[in-house]
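These are the residues of each chain, in order.
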Amino acid sequence: MVFLTRLTDEARIAIDNIADTIRSGATPTIRLGVTGLSRSGKTVFLSALVHNLIHGGRLPLFDAYAGGRLTGARLQPQPDDAVPRFDYEAHIKDLVENRIWPQSTRRIRQLRITIEYESASGWKRRFGRGRLNLDIVDYPGEWLLDLALLGKSYARWSRDSLAMSRQPHRAALAGPWHEELGKSDALAAAQEDDARRLAAAFTAYLHAARADEHALSMLPPGRFLMPGDLDGSPALTFAPLDLAPGAPIARDTLAAMMERRYESYRNHVVKPFFRDHFARLDRQIVLVDMLAALNAGPAAIADLESALADVLACFRPGRASWLAGILGRRTDRILFAATKADHVHHADHDNLAQLLRRLVSKAADRAAFSGANVKVVAMAAIRATCEVSVKRDGHSLPAIAGIPMRGETVRSHGKKTEIYDGETEIALFPGDLPDDPDSIFEPVSPPSSLSSKVNLNAGEEDALALRFLRFRPPKLEKTAAGLTLSLPHIRLDQVLDYLIGDRLQ
Ligand SMILES: Nc1nc2c(ncn2[C@@H]2O[C@H](COP(=O)(O)OP(=O)(O)OP(=O)(O)O)[C@@H](O)[C@H]2O)c(=O)[nH]1
Ligand SMILES: [Mg+2]
């Protein structure tokens, strides 16, 4: 928290928190931060959480619910009028009726859900039912990485971006941008055309690095990939330059123009995002797609580790107190969740959590989460697969079955690529995740375990080239009375219990 110690910012956060408390009246409020890079599963998690609360899910490990003390949950108008509402109904329609996943989030959205409960204590029950507001914000994951820019000058950001783009796994992707850089003179007179050309080449490099096969995470500035309402705006016409270390930036040069725009991006785009949403959270769940990074290999894992370290450095952990709750607001519980655990067999869930624990351990140590309670789990907000046992060479193998999304492909050894039609169910033996968390940073080891994927459905005997399949959302079962059951999940109940259970006592 080096960059947000300015008194005006802290005062603004405190004022917003007081306004919040007044607006909520007597009802206590938890602001839950759902933090995750792009495609980590934030929108799906939020939709599933609300659906299970409102619809009444299978939540045996969510104590207040399992004990029958949760008497109601309903959506309310969101507290900040300036932020559009999270489109819960549209997402659920997509997931449940159309059985498709939501689109990438393009703008910030907010939701308030009010939970009514009966206290576990007989004494408190005498005062009537308790109520708790849960406020949640959804946003494009790309924007998260901008937080690291708050602590960096333009010169430092330029240096870091260039050094990163010269790493072996990025250099080829950055080639065209480097070429444009070679043609420009940072100390020449500022020309709009140069700025536009460089910004376009830099943005193209960020897009290439994000592609599935590379799955890189460190890609700021976030609005270059997901501009939101800045689409086409000149605010995004800047890029890093190759500046001599320590050399001053003279006025009216290309470098000065870029620096000015970078500063304006930090002040007018990144800072409000941090101050209005990120600095005022009581609880945090950090969603991490370990499997996508494991599939892409050690470079993607190392990149994910650095990206998470940058994000965690911006947390404001601390012990909750009534005063801190109103003024400073500190995050007193942080949950790290490896998402999409339904892609591996349950026997591997502990391993998956272990890998995530290892990935965030250094960053968590550095961020010194003093006073905050930290936990790590493997979860699936929506379970799209089921577990089956498949016979192979006389052995029973633990496999998962589901319907791959239309257009998903798998290339089997020596055979032609199979393209799925979105209707056919298949069984996969996902292989075992490595037992040794350190091995995922080493060159060949991590994918080898996953790459032993075998398509058992079509009678395939060959090992398949590694491919992380996306399954369609599940078809919801109905009860004998014809009622549709809520979305199936893995450990969403434990997650809820950890994040809000203590406030429903
Ligand atoms: N099987 C399975 N897939 C999931 C789950 N959660 C997310 N996914 C997959 O991951 C993709 C991304 O999930 P989102 O919730 O849209 O991710 P996000 O973090 O909101 O992404 P951005 O909006 O781009 O920041 C989905 O389209 C699904 O393919 C899950 O619980 N199970
Ligand atoms: Mg989203």
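Keep in mind it's a predicted model, so treat the numbers as computed, not measured. (Residues numbered from 1 in each chain as written. Chains lettered and ligands numbered in written order. Predicted model: local features only at pLDDT ≥ 70, side-chain atom pairs only at ≥ 80, totals over all residues. Heavy atoms only, no water.)

### Quick look at the overall build of the protein
Right, so step 1: A tally of helices and strands in the protein yields 16 helices and 13 strands.
Right, so step 2: A buried classification covers 54% of the 505 residues belonging to the protein.
Right, so step 3: Just so you have it, the protein exposes about 22100 Å², and 53% of that area is on carbon and sulfur atoms. (Helix = DSSP H or I, 4+ residues; strand = E, 2+ residues; numbered from the N terminus. Buried < 20%, exposed > 50% of the residue type's maximum accessible area, 1.4 Å probe, protein only. Areas by Shrake-Rupley, 256 points an atom, 1.4 Å probe, with all protein chains shown as cover.)

### Structural notes on the coordination of the magnesium ion (ligand 2)
Right, so step 1: Each protein donor to the magnesium ion (ligand 2) is listed here as Thr43 (OG1) and Thr105 (OG1); together their distances run 2.0 Å. Here Thr43, found in helix α2 (residues 42–55), pairs with Thr105, found in the loop between α4 (88–98) and β3 (109–117); they are 62 residues apart in sequence, far enough to count as distant. With respect to burial, Thr43 and Thr105 carry one shared label: buried. (Donors = N, O, S within 2.8 Å, 3.2 Å for Na, K, Ca; no water.)

### Remarks on the site of ligand 1
Right, so step 1: Near ligand 1 lie 21 residues; those nearest to it are Lys42, Thr43, Thr105, Gly141 and Asp342.
Right, so step 2: Residue Thr43 places a side-chain N or O atom 2.8 Å away from an oxygen atom belonging to ligand 1.
Right, so step 3: At 2.9 Å, a side-chain N or O of Lys340 approaches an oxygen atom of ligand 1.
Right, so step 4: With the chains in place, 96% of the 650 Å² that ligand 1 exposes on its own is no longer accessible.
Right, so step 5: Residues of the shell around ligand 1, tallied by class, amount to 9 nonpolar, 8 polar and 4 charged. (Near = heavy atom within 4 Å. Polar contact = N/O pair within 3.5 Å; in protein donor to acceptor, adjacent residues only side chain to side chain. Nonpolar A, V, L, I, M, F, W, Y, C, P; charged D, E, K, R; others polar.)

### Concerning the sheet that holds strand β7 (residues 373–378)
Right, so step 1: Here 7 strands make up an open sheet; going across it, the order is β2-β3-β4-β1-β5-β6-β7 and the pairing mixed. Lying at the two open borders of the sheet, with one neighbouring strand each, are β2 (70–76) and β7. Shown here is a sheet whose adjacent strand axes are inclined to one another by a mean of 20°, direction ignored.
Right, so step 2: In this structure, β2 lies alongside β3, joined through 6 bridges in antiparallel fashion. From the neighbouring strand, Ala73 faces β3, where its bridge partner is Ile115. (Pairing = 2+ DSSP bridges. Axes fitted to C-alpha atoms, helices over the stretch in contact; angles between N-to-C directions.)

### Some thoughts on the packing of aromatic side chains
Right, so step 1: As enumerated under the stated definition, the model contains 16 aromatic pairs in all.
Right, so step 2: Each residue in the set Tyr154, Trp157, Trp177, Phe202, Tyr205, Phe224, Phe238, Tyr262 and Tyr265 is aromatic and connected to the rest through ring pairs, giving one cluster.
Right, so step 3: Between the NZ or CZ atom of Arg333 and the centre of the ring of Tyr498, over which it lies, the distance is 5.2 Å. (Phe/Tyr/Trp six-rings, centres within 6.5 Å; stacked < 30°, edge-to-face > 60°. Lys NZ or Arg CZ within 6 Å of the ring centre and 35° of its normal.)

### Some thoughts on a negative patch on the surface
Right, so step 1: Together, Asp432, Asp435, Asp436 and Glu442 line one region of the surface with negative charge.
Right, so step 2: Its place among the elements puts Asp435 in the loop between β12 (426–429) and α15 (445–450). (Patch = residues over 30% accessible without salt bridge, like charges linked within 9 Å, V, L, I, M, F, W, Y side chains within 5 Å. Salt bridge = Lys/Arg side-chain N within 4 Å of Asp/Glu carboxyl O. Lys, Arg positive; Asp, Glu negative; His and termini not counted. Charge placed at Lys NZ, Arg CZ, Asp CG, Glu CD.)

### Some remarks on the side chain of Thr385
Right, so step 1: In this structure, Thr385 sits in the loop between β7 and β8 (386–392).
Right, so step 2: Of the residues examined, Thr385 reaches a relative accessible area of 7% and is grouped as buried.
Right, so step 3: Setting aside residues no more than four positions away along its own chain, Thr385 makes contact with Asp342, Ile400, Ala401 and Phe471. (Contact = heavy atoms within 4.5 Å.)

### Re the packing of helix α8 (residues 192–210) against helix α10 (residues 254–278)
Right, so step 1: Between α8 and α10, the shortest axis-to-axis distance is 10 Å and the interhelical angle comes to 60°. One way to sum up the angle between α8 and α10 is to call them oblique. When the axes of α8 and α10 are compared, the crossing they make is right-handed. Contacts from Glu192, Asp194, Ala195 and Leu198 of α8 reach α10 at Leu254, Met257, Met258 and Arg261.
Right, so step 2: Classifying every residue of the contact of α8 with α10 by side-chain character gives 5 nonpolar, no polar and 3 charged. (Parallel < 35°, antiparallel > 145°, perpendicular 65-115°, else oblique. Left-handed = near helix turned anticlockwise from the far one by under 90°.)

### Here's the deal with the pattern of salt bridges
Right, so step 1: Under the criterion given, the structure shown has 26 salt bridges.
Right, so step 2: The closest approach of N and O atoms between Glu192 and Arg261, which form a salt bridge, is 2.7 Å. Here Arg261 lies in helix α10 and Glu192 lies in helix α8, a separation of 69 residues in the sequence.
Right, so step 3: For Glu192, a relative accessible area of 29% corresponds to the partly exposed category.
Right, so step 4: The exposure class assigned to Arg261 is buried, which follows from its relative accessible area of 18%.
Right, so step 5: Of the charged contacts, one joins Glu387 and Arg383 as a salt bridge, the two residues approaching to 4.0 Å between their closest N and O atoms.
Right, so step 6: You can call Glu387 partly exposed: its relative accessible area is 28%.
Right, so step 7: On the accessibility criterion, Arg383 (25% relative accessible area) is partly exposed.
Right, so step 8: Through salt bridges that share partners, Glu180, Lys183, Asp194 and Arg197 make up one connected network.

### Observations concerning the packing of α2 against α4
Right, so step 1: One way to put it is that α2 packs onto α4 with a least axis distance of 10 Å and a crossing angle of 95°. Regarding the angle of α2 to α4, the classification is roughly perpendicular. Where α2 approaches α4, its residues Thr43, Ser47, Val50 and His51 are matched on the opposing element by Tyr88, His91, Ile92 and Leu95.
Right, so step 2: For the contact of α2 with α4, the residue count by class is 4 nonpolar, 4 polar and no charged.

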